[in-house]
Amino acid sequence: MASSILVLAMIIFTIIGRPANAVLSCTEAITRLLPCETYLTGFSDITVPCCEAAASLNQQATTKDDRKALCQCFEKAGPGLGVKDDRAKQLPQLCNINVPVPIDLSVNCDT
């Protein structure tokens with residue numbers, strides 16, 4: 001399952017690309033969150049590797065532009081990857097990660 005999601009992610013992100021000022025490409029961000037795949041798609045509970053991956057990604061997205069790029073990436077890719085919105089919303093709380101924007105597949109990334 002992970003390989004099929006990664007292939008789909010790579011196709012989506014080849015189309016989306018990387019904003020010029022983003023620290024990570026969309027593909028890199030999704031790849032880093034692969035430990036969260038089974039949680040985000042509803043097949044398992046949260047895991048320590050998932051929380052570590054999410055915390056690491058959060059630490060790397062230090063500027064408004066970084067966070068906007070990640071928001072746009074996940075907003076576009078999440079539904080196609082089978083991410084369940086309610087699980088994405090719960091991840092920061094379950095992992096004790098403080099994020100400055102709500103995690104929601106329908107959030108306006110421009111605000």
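Residues numbered from 1 in each chain as written. Predicted model: local features only at pLDDT ≥ 70, side-chain atom pairs only at ≥ 80, totals over all residues. Heavy atoms only, no water.

A. Highlighting empty space enclosed by the protein. Counting across every chain of the model gives 2 cavities of 30 Å³ or more. Taken as a whole, the largest cavity spans an internal volume of roughly 680 Å³. As for the largest cavity, its lining consists of 31 residues, and the residues nearest its centre are Leu 33, Leu 57, Leu 70, Phe 74 and Ile 103. Of all the secondary-structure elements, those providing two or more residues to the lining of the largest cavity are α3 (37-40), α4 (48-60), α5 (64-77) and α6 (85-94). Counting residues per element, the lining of the largest cavity draws most heavily on α5, at 5 residues. Across the lining of the largest cavity, the residue classes tally to 23 nonpolar, 3 polar and 5 charged. (1 Å grid on protein atoms, 1.4 Å probe; cavity = no way out; pocket = protein on both sides within 12 Å on 5 of 7 lines; lining within 4 Å. Points joined across faces, edges and corners; volume = space filled by probe spheres on them. Helix = DSSP H or I, 4+ residues; strand = E, 2+ residues; numbered from the N terminus. Nonpolar A, V, L, I, M, F, W, Y, C, P; charged D, E, K, R; others polar.)

B. Focus on the nonpolar core. Counting 23 residues, the largest nonpolar core has Leu 33, Cys 36, Leu 40, Leu 57 and Leu 91 as the members making the most contacts within it. Put simply, the parts of the chain that give this core at least two residues each are α2 (26-32), α3, α4, α5 and α6. Tallying contributions element by element places α4 first for this core, with 5 residues. Ignoring anything within four residues of it in the chain, the contact list for Leu 91 reads Cys 36, Tyr 39, Leu 40, Ile 46, Cys 50, Ala 54 and Ile 97. (Core = buried A, V, L, I, M, F, W, Y, C linked by side-chain atoms within 4.5 Å. Buried < 20%, exposed > 50% of the residue type's maximum accessible area, 1.4 Å probe, protein only. Contact = heavy atoms within 4.5 Å.)

C. Focus on α5. For α5, built from 14 residues, the straight-helix expectation of 20 Å at 1.5 Å per residue is met to within 8% by its first-to-last C-alpha distance of 20 Å. Residues Asp 66, Ala 69, Leu 70, Cys 71, Cys 73 and Ala 77 constitute the buried set of α5. (Expected span 1.5 Å × (residues − 1).)

D. The arrangement of the confidence of the model for the protein chain in detail. Here the protein chain shows a mean pLDDT of 81. Residues at 70 or above account for 79%. Ranking the helices and strands of the protein chain by mean pLDDT puts α3 first, with 96, and helix α1 (residues 2-16) last, with 42. (pLDDT = per-residue confidence, 0-100.)

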